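# Overview (structure and organization)
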Amino acid sequence: MARFLIILIAFLSAMPVCAQDEPRAFIFGGDAFLAGRSVTHDAAGSDDLFMAGERVVGKTAITGSAHLAGREVTMDGGIGGDAYAAGEEIALRGDVVGDATLAGRSVSVAGVGGDLRVAGSELRLGGAIGGTAMIAGEVIAFDAVVSGDVSLAAKRVAWGETASIGGRLIVFEEEPGETDVPERVVPAGRVERREIEDWDGPKPPSWGRVIVKFLMGVFVVTALSALVAALVPERLAEMRRQVLARPFHTLWIGFMAQSAIIGAGVLFALTIIGLLLTPALVVLAIAAGFAGYVVAAYAFGVGLLLAFGRPDPDSIAERALAAGVGALTAGLIGLIPFLGWLFVLVLVLSGIGAITVRTIRPVFFADTY
């Protein structure tokens, strides 16, 4: 737990530099952390690899696991441990010794020594897969040799000449029998067909599902903001004014507050005795982030309405409208590749800063405001 938290904090500390053209790198205990608009890892001898950016490329092999996130993710070198990748386009051209867990619009995989879990729109699977495979996609080019069982949910599958499955093939379909499975890939006696509703693995991309989840998220943030506005309108208004009047100051306070919570979790973990308190601090950090987003989204919505000439909201309906505008606009901006999550991060930290100032202002900020 302690090692995981230290690595997580180091990785999060690199997130703000992803907006810069010049990449930044950090080496800790043989692990490599790289972040920037376009980053490339070409140093030999790295253990675990963490990369985040718009375009991330791994040219050399690593002995540990790879944690990759970006719009375009390419790993040419081999991976000695497990592989975790998320992005729009993912290409693992080197072999993965351990398991691989991947999610993206377009994903291609070479060899995987362990289990493969992948979800995407366009999937290209090749090489040998030493364990089992859980695959969900719209269009799949299946040319892999899988030693174990395969769970498959797809709209269309193109079986390659070398494709074969050593274990069972469980096909999840909307209409039983609609997926053609050649005898050369797996004998009919080892093919099991189930209803798509029974699929409990990663879901294939669906615009309908994405839109519903997005609107549900907007609704939840709007409803919570409206509820807070109804219960403590003056406190919410004060926090909103803090965010709009001094955004950079509030952002800095939020960054310091969240860093203190996460840092306290690491310090408690290092004492071993205090390790039991670490999960509580992790939960507190997550809760603070969500509360901060709710407050900041409301402030953002009020700011947008003020920019269009509307007065300060003074009724529950007007506050709910401001919350909805802020949540919807923030959600749409958050969908922008790469820059969207940076914007959401700024919102979260600004909201945490406003909550922090409102909570401890009588002691520390009496002369500031």
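This one's a predicted model, so the numbers in the text were calculated from it and none came from an experiment.

Conventions adopted
Residues numbered from 1 in each chain as written. Predicted model: local features only at pLDDT ≥ 70, side-chain atom pairs only at ≥ 80, totals over all residues. Heavy atoms only, no water. Pairing = 2+ DSSP bridges. Helix = DSSP H or I, 4+ residues; strand = E, 2+ residues; numbered from the N terminus. Buried < 20%, exposed > 50% of the residue type's maximum accessible area, 1.4 Å probe, protein only. Polar contact = N/O pair within 3.5 Å; in protein donor to acceptor, adjacent residues only side chain to side chain. Phe/Tyr/Trp six-rings, centres within 6.5 Å; stacked < 30°, edge-to-face > 60°. Core = buried A, V, L, I, M, F, W, Y, C linked by side-chain atoms within 4.5 Å. pLDDT = per-residue confidence, 0-100. Contact = heavy atoms within 4.5 Å. Salt bridge = Lys/Arg side-chain N within 4 Å of Asp/Glu carboxyl O. Patch = residues over 30% accessible without salt bridge, like charges linked within 9 Å, V, L, I, M, F, W, Y side chains within 5 Å. Areas by Shrake-Rupley, 256 points an atom, 1.4 Å probe, with all protein chains shown as cover. Lys, Arg positive; Asp, Glu negative; His and termini not counted. Charge placed at Lys NZ, Arg CZ, Asp CG, Glu CD.

The next thing to look at is the pairing of strand β4 (residues 66-75). Looking at chain direction, strand β3 (residues 49-58) and β4 are connected through nine bridges and run parallel. What sits directly across from F50, in β4, is H67. In this structure, β4 lies alongside strand β5 (residues 83-92), joined through nine bridges in parallel fashion. Pairing of T74 across the sheet is with A91, part of β5.

This part takes up the side chain of E173. Considering the arrangement of structural elements, one finds E173 in strand β11 (residues 169-173). Overall, E173 belongs to the buried group, its relative accessible area being 1%. In terms of polar contacts, E173 uses its side chain to reach the backbone amide nitrogen of T179, at 2.8 Å.

A separate point is the packing of aromatic side chains. If you walk through the whole model with that rule in mind, you get four aromatic pairs. An angle of 10° between the planes, with centres 4.7 Å apart, marks the rings of F33 and F50 as stacked. Taken together, the residues span a long stretch of sequence, with F33 in strand β2 (residues 31-41) and F50 in strand β3 at a distance of 17 residues. Classification of F33 by relative accessible area gives buried; the value is 2%. Assessed through its relative accessible area of 8%, F50 is described here as buried. Relative to F255, the ring of W252 lies with its centre 5.8 Å away and its plane at 20°, an arrangement referred to as stacked. Taken together, the residues W252 and F255, both in helix α4 (residues 247-270) and three residues apart, mark about one turn of the helix. A residue is classified by how much of its surface remains accessible, and F255, at 39% relative accessible area, is partly exposed.

On to the nonpolar core. Core analysis: the biggest nonpolar cluster contains 45 residues, and L102, L116, I135, F142, L152, W159 and L169 have the highest contact counts within it. V218, A285, A296 and L347 belong to the second-largest nonpolar core, a separate cluster that totals 14 residues.

Attention now goes to the confidence of the model for the chain. When the pLDDT values of the chain are averaged, the result is 81; 84% of them are 70 or greater. Looking at the elements of the chain, mean pLDDT is at its lowest for helix α1 (residues 2-13), recorded as 39, and at its highest for strand β10 (residues 164-165), recorded as 93. Across residues 1-21 the pLDDT falls below 50, and counting only partners more than four positions away or on other chains, this stretch makes 46 contacts in the model.

On to the pattern of salt bridges. Considering all chains together, one arrives at 13 salt bridges under this definition. E192 is the partner of R194 in a salt bridge, and the nearest nitrogen-oxygen pair spans 2.7 Å. Look at E192 and you get partly exposed, because its relative accessible area is 28%. Note that E238 and R358 form a salt bridge whose closest N and O atoms lie 3.0 Å from each other.

This part covers a negative patch on the surface. Taken together, the side chains of E174, E175, E178, E195 and E197 present a region of like negative charge at the surface. You can see E195 is positioned in strand β12 (residues 191-195).

On to the side chain of Q258, then. Locating Q258 in the fold gives a position in helix α4. Among the residues examined, Q258 registers a relative accessible area of 13% and is labelled buried. Among the polar contacts listed, one links the side chain of Q258 to the backbone oxygen of A285, at a separation of 3.1 Å. Aside from chain neighbours lying at most four places away, what touches Q258 is A285, A288, G289, L349 and I352.

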